[in-house]
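# Coordinates in review
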Amino acid sequence: SYVHQEHHQLTDAIVEHLDDDAVDDYLKKIRNFDADFKTDIYLGESNSQLLLPTVQRLERVQGFVGHANFNLLGFEEMIYFARNYEQIGAFEKSELDFLEEIYFADATSYGFYGEKVTTELNHRIQHKDVVKIHKSGHYLHRGESLKHYEQIRKDVGNDLLLTSGIRNNVKQMHLFLAKAVQSNGNLSKASRSLAPPGHSFHNLGDFDVGKAGLGELNFTADFSNTEEFQRLIRLGYVDIRYTDSNQYGVRFEPWHIKLG
């Protein structure tokens with residue numbers, strides 16, 4: 001049966017130690033990703049107080065350097081801009097300690113099972129290694145990532161757009177913590193929608209696509225109902241990283257294109 005196949009896929013992979021009831025619970029969580037569960041992990045009291053001001057400072061950095069550049073920004077560069085421009089304001093030591101704690105935390109404690117793909121907090125992306133995609137506000141890695149996107153767009157049509165490309169650790173940190181704000185400090189809930197910083201394959205070459213005119217719905221299951229998505233699936237060389245029964249602890253992301 002389909003359910004048996006799901007159990008087989010999951011028990012053959014990262015969550016192989018789970019029994020059938022636990023697999024059912026796991027699938028329930030990723031399919032109800034925006035719900036709260038009793039086993040969810042929340043920020044502690046002191047970090048909860050730091051969450052919003054830290055996110056707001058990250059947003060001021062983004063506003064200063066620009067959306068596209070923020071995707072590439074390194075951790076030390078972020079600190080430099082904040083310290084030297086009063087419209088941002090220097091990060092407090094407690095805020096930097098909080099960011100480091102989030103980055104180096106064991107994400108499996110949240111229920112996120114993806115590998116850590118960037119082990120250096122201050123991971124840097126060189127401009128010579130990337131290409132800015134026209135009218136997208138996003139960058140792609142030169143080589144395989146760029147070629148993959150261009151081939152997909154050629155085969156699917158010009159209504160297919162790049163909605164997110166490279167996301168370095170600072171950008172992923174901002175997205176993850178902003179989701180934690182929306183989730184009232186529920187880190188498990190945040191990790192069902194976004195890979196914790198250091199765990200995002202956007203750092204290695206994965207990218208997101210959407211349909212022109214669909215807007216924010218491109219980041220919902222609605223994208224899977226579009227003709228563009230159906231064409232993607234029909235292309236034998238395209239893989240979706242976060243499937244409906246993925247092993248990472250993440251919701252279904254039909255828009256997220258796996259590289260390699």
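The sections below set out a description of the structure shown in this document. Everything numeric in this text was worked out from a predicted model, so none of it was measured. (Residues numbered from 1 in each chain as written. Predicted model: local features only at pLDDT ≥ 70, side-chain atom pairs only at ≥ 80, totals over all residues. Heavy atoms only, no water.)

Take the packing of helix α3 (residues 45-65) against helix α6 (residues 93-104) next. Running from N to C, α3 and α6 point in directions that differ by 95°, and their axes come no closer than 10 Å. With respect to α6, the element α3 is oriented roughly perpendicular. Contacts between α3 and α6 involve N47, L50, L51, P53, T54, R57 and L58 from the former and S94, E95, F98, L99 and E101 from the latter. Class assignment of the residues belonging to the contact of α3 with α6 gives a composition of six nonpolar, three polar and three charged. (Axes fitted to C-alpha atoms, helices over the stretch in contact; angles between N-to-C directions. Helix = DSSP H or I, 4+ residues; strand = E, 2+ residues; numbered from the N terminus. Parallel < 35°, antiparallel > 145°, perpendicular 65-115°, else oblique. Contact = heavy atoms within 4.5 Å. Nonpolar A, V, L, I, M, F, W, Y, C, P; charged D, E, K, R; others polar.)

Moving on: unusual backbone geometry. The general pattern is negative phi for most residues beyond glycine and trans for most peptide bonds. Although it is not a glycine, K135 sits at a positive phi angle of roughly 65°. Phi is positive for N184, close to 55°, though the residue is something other than glycine. Topologically, N184 is positioned in the loop between α8 (169-182) and α9 (187-193). Judged by its relative accessible area of 68%, N184 falls in the exposed class. (Buried < 20%, exposed > 50% of the residue type's maximum accessible area, 1.4 Å probe, protein only.)

Turning to the nonpolar core, a few remarks are in order. Counting residues in each nonpolar core, the largest one holds 39 residues, and the members touching the most others are M78, L99 and L177. Filtering out sequence-adjacent residues up to four positions away, M78 remains in contact with L58, V61, L73, F91, L96, L99 and V170. Counting 19 residues, the second largest nonpolar core, distinct from the first, contains V131, I152, V238 and W255. (Core = buried A, V, L, I, M, F, W, Y, C linked by side-chain atoms within 4.5 Å.)

A word on the pairing of strand β1 (residues 130-133). Bridge count for β1 against strand β2 (residues 138-141) is four bridges, and the pairing is antiparallel. Looking across to β2, one finds that V130 is bridged to H141. Hairpin remark: β1 followed by β2, antiparallel, with four residues in the connecting loop; positive phi at K135, about 65°. (Pairing = 2+ DSSP bridges.)

What follows covers the sheet that holds strand β5 (residues 239-240). Strand order in the open sheet formed by four strands is β3-β4-β6-β5, and the pairing between neighbours is antiparallel. Strand pairing shows two members of the sheet lacking a second neighbour, β3 (160-164) and β5, which therefore form its edges. Sheet contacts for helix α7 (residues 144-156): β3, β4 (207-211) and β6 (256-258); angle to β3, the most-contacted strand, approximately 145°.

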